[in-house]
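Geometric and topological summary
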Amino acid sequence: MKITNAFVNITSPGRNFVTLKIETDEGIFGLGDGTLNGRELAVASYLTEHVLPCIIGRDPFQSEDIWQYLYRGAYWRRGPVTMAAIGAVDVALWDIKGKALNTPVYNLLGGKSRDGLLAYAHCTGKDIDHTLEDVALHKEMGFKAVRVQSGIPGLSTTYGIAKGTGRYEPAERGLPSEHQWSTEMYLRHVPQLFARVRETFGEELHLLHDCHHRLTPIEAGRLGKELEPFHLFWMEDPTPAELQEGFKIIRQHTTTPIAVGEVFNTIWDAHDLIRNQFIDYIRMTPVHSGGLTHLKKVADFAELYHVRTGCHGATDMSPVTIAAALHFDTAVHNFGIQELMPHTDETNAVFPHQYRFKDGMMFPGDAPGLGVDLDEALAAKYPYLRAYLPINRKLDGTLTDW
Ligand code: KDG
Ligand code: MG
C-alpha cells in the first residue's frame, strides 16, 4: 500500500479544528488531528509545506519509521507545532492500518484491557451554589467522576467558568481576552468549594480539580494538604511544569494525587516527573504528543512507576483525537481516566463518530480504524476564524500563567 495524497482541512464548527486526511492507492484513507488551540495555522502550514511532500509514496504501515523520519529527520525536534503535526500524520496512519486490517485501532495497540473507560465531566458555576447544581446535573447524566471549578469571590473571571449561559469554551474569537488572578483568593476559596461538594454528594463521586498551572510548588503543597480530607481523584497542573523538580516540593507536603501533562509534547517533558514518582497521572494525549506511536511508549514507561494515564479531552481535541485516545485507553494496562468535554452538535455533525458515553463510561466502538469520519462538504460551511486562549494578570497587572 502507498500514500498517494494528503491534505489539511481547516474548519470551525463553533471552534477551529485542523484535520489531516491521508489517502492511499487502495482507496483507504486515514484521519489525524493537528489542532493546536490558538496556533492552528502554524500546524497546518508545517504539515502542508514541510511534512506532506515527504510522505507521498511511503507505505502507511511503516508508522514507526515514518514517525522517526519526521522526528529525527527534521533535525529541529519537539515543540507543540512539530509534535502536533507528527501526531496528525501518525494517528492517520493507525486509522489506515485499522481499516486495511478490518479491525479497531485498539486491537493494534494490544487489544482490549477493559470493557469501558471511566470518564470525567466538567462541572462549573459562577459560585459554589451554581457549581453544586452543575454537579447534580452531571450525576443525573450518569457521571461517576467530575472536575469541579467555580468562580472565585472578588475575581471577575477565572479559568473554567463560562462567561454567559452556555458551556465553558476556553478559546475566544478575536484577540486574547484578559483574566484576573489572585492566588490568595483562590487558595481561600477552593477548600470551601470541595467541603460543600463532599457535604452535598458524599464520598462516592470521584472529584478532580484543575489548578491550571497557577501556583508555586509550595502553594500547591498547601492546597493539596488542605484538600486531603475531601479525597480528590487528582489535583491537576498545580504548577507550571518546565521545572520538573518543583514537583518534589509538592510531594513532600501532600498525599493528594497529582496529574500533569496536557501541554507536554514528548516523554522528555515528563521523564523526571515519572521516574521520580512525582506524579500519579500523565495527561498527554495523541494530538500534542506525536500521536499514538509516541504516547504508547510514554504509557509503557509510566507503567513502570505506577503512573496512570488521563488523556486530555477538552473541546480543542477534535473527535479524531478523542477517538484515538479512547482506543489507546482501551488497550493500555495503566489507564486511569478519560476527560470528556462534549463537542457542539455542529462539531459532531462535521465529524460523525462511533464512540459513545453511557453510565459514566466511554466506549470507542468496534468500527475498523478509529471510527471517525470527516464530512468535508459540511466542514466547508464553517471557515476558519481566528481565536485565542485568554491571558492572565495578577491584580497589580503582572502577567501570570493562564
Ligand atoms: O486549549 C487549552 C485547553 O485545552 C485547556 O485549558 C483545558 O486545562 C484544560 C483541561 O484540563 O481540559
Ligand atoms: Mg487542564
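Here the structure is a predicted model, which is why all the values come from computation and not from measurement.

Turning next to the site of ligand 1. In the vicinity of ligand 1 there are 15 residues, among which Asn37, His212, Glu262, Asp316 and Glu339 approach most closely. In the environment of ligand 1, an oxygen atom lies 2.4 Å from a nitrogen or oxygen atom belonging to the side chain of glutamate 339. Its free accessible area being 330 Å², ligand 1 has 95% of it covered by the protein chains. Assessed atom by atom at 2 Å from the grid points, ligand 1 resides in the largest pocket. Taken together, the residues of the shell around ligand 1 break down into four nonpolar, four polar and seven charged.

Here the focus is the nonpolar core. One finds Ile22, Val89 and Ile279 to be the most contacted residues of the largest nonpolar core, which totals 109 residues. Among the elements that take part in this core, helix α3 (residues 80-100) stands out by supplying 11 residues, more than any other. Two domains each put at least three residues into this core: domain 1 (3-103) and domain 2 (108-367). If near-sequence neighbours (up to four positions away) are discounted, isoleucine 279 is found in contact with Phe247, Arg251, Ile258, Val260, Leu273, Ile274 and Val307. Leu118, Leu208, Phe233 and Ala259 belong to the second largest nonpolar core, which has nine residues in total.

Running from N to C, helix α7 (residues 217-227) and helix α8 (residues 246-253) point in directions that differ by 25 degrees, and their axes come no closer than 8 Å. By the angle between their directions, the pair α7 and α8 is classed as roughly parallel. At the point where α7 passes α8, the crossing takes the right-handed sense. Along the contact surface, α7 presents Pro217, Ile218, Ala220, Gly221 and Lys225, while α8 presents Gly246, Ile249, Ile250 and His253. A per-class count over the contact of α7 with α8 returns five nonpolar, three polar and one charged.

A few words now on the confidence of the model for the chain. The predicted model of the chain has a mean per-residue pLDDT of 97, with 100% of residues at 70 or higher. Confidence, expressed as mean pLDDT per element, reaches its minimum in the chain at strand β6 (residues 172-173) with 91 and its maximum at helix α11 (residues 319-331) with 99.

Turning our eyes to something else, we now look at empty space enclosed by the protein. Taken as a whole, this structure holds one cavity of 30 Å³ or more when the rule is applied. In this structure, the largest cavity spans a volume of roughly 90 Å³. In this structure, the largest cavity is lined by 14 residues; those nearest its centre are Gln149, Ile152, Thr158, Tyr186 and His209. At the level of secondary structure, the elements contributing two or more residues to the lining of the largest cavity comprise α6 (183-201) and β8 (206-210). Top element by residues in the lining of the largest cavity is α6. It accounts for four residues. When its residues are assigned to classes, the lining of the largest cavity shows seven nonpolar, five polar and two charged.

Another aspect to go through is the layout of surface pockets. By volume, the largest pocket is sized at about 1,100 Å³. Along the wall of the largest pocket there are 41 residues; nearest its centre are His213, Glu262, Val263, Leu389 and Trp402. In terms of residue class, the lining of the largest pocket is built from 18 nonpolar, 11 polar and 12 charged. Both domain 1 (3-103) and domain 2 (108-367) contribute no fewer than three residues apiece to the lining of the largest pocket. Sorting elements by how many residues they give to the lining of the second largest pocket places helix α5 (residues 128-140) first, with three residues. Classifying every residue of the lining of the second largest pocket by side-chain character gives seven nonpolar, 11 polar and seven charged.

What counts as what
- Residues numbered from 1 in each chain as written.
- Chains lettered and ligands numbered in written order.
- Predicted model: local features only at pLDDT ≥ 70, side-chain atom pairs only at ≥ 80, totals over all residues.
- Heavy atoms only, no water.
- Near = heavy atom within 4 Å.
- Polar contact = N/O pair within 3.5 Å; in protein donor to acceptor, adjacent residues only side chain to side chain.
- Areas by Shrake-Rupley, 256 points an atom, 1.4 Å probe, with all protein chains shown as cover.
- 1 Å grid on protein atoms, 1.4 Å probe; cavity = no way out; pocket = protein on both sides within 12 Å on 5 of 7 lines; lining within 4 Å.
- Sits in = over half its atoms within 2 Å of the grid points.
- Nonpolar A, V, L, I, M, F, W, Y, C, P; charged D, E, K, R; others polar.
- Core = buried A, V, L, I, M, F, W, Y, C linked by side-chain atoms within 4.5 Å.
- Buried < 20%, exposed > 50% of the residue type's maximum accessible area, 1.4 Å probe, protein only.
- Helix = DSSP H or I, 4+ residues; strand = E, 2+ residues; numbered from the N terminus.
- Domains from an automatic or database assignment.
- Contact = heavy atoms within 4.5 Å.
- Axes fitted to C-alpha atoms, helices over the stretch in contact; angles between N-to-C directions.
- Parallel < 35°, antiparallel > 145°, perpendicular 65-115°, else oblique.
- Left-handed = near helix turned anticlockwise from the far one by under 90°.
- pLDDT = per-residue confidence, 0-100.
- Points joined across faces, edges and corners; volume = space filled by probe spheres on them.

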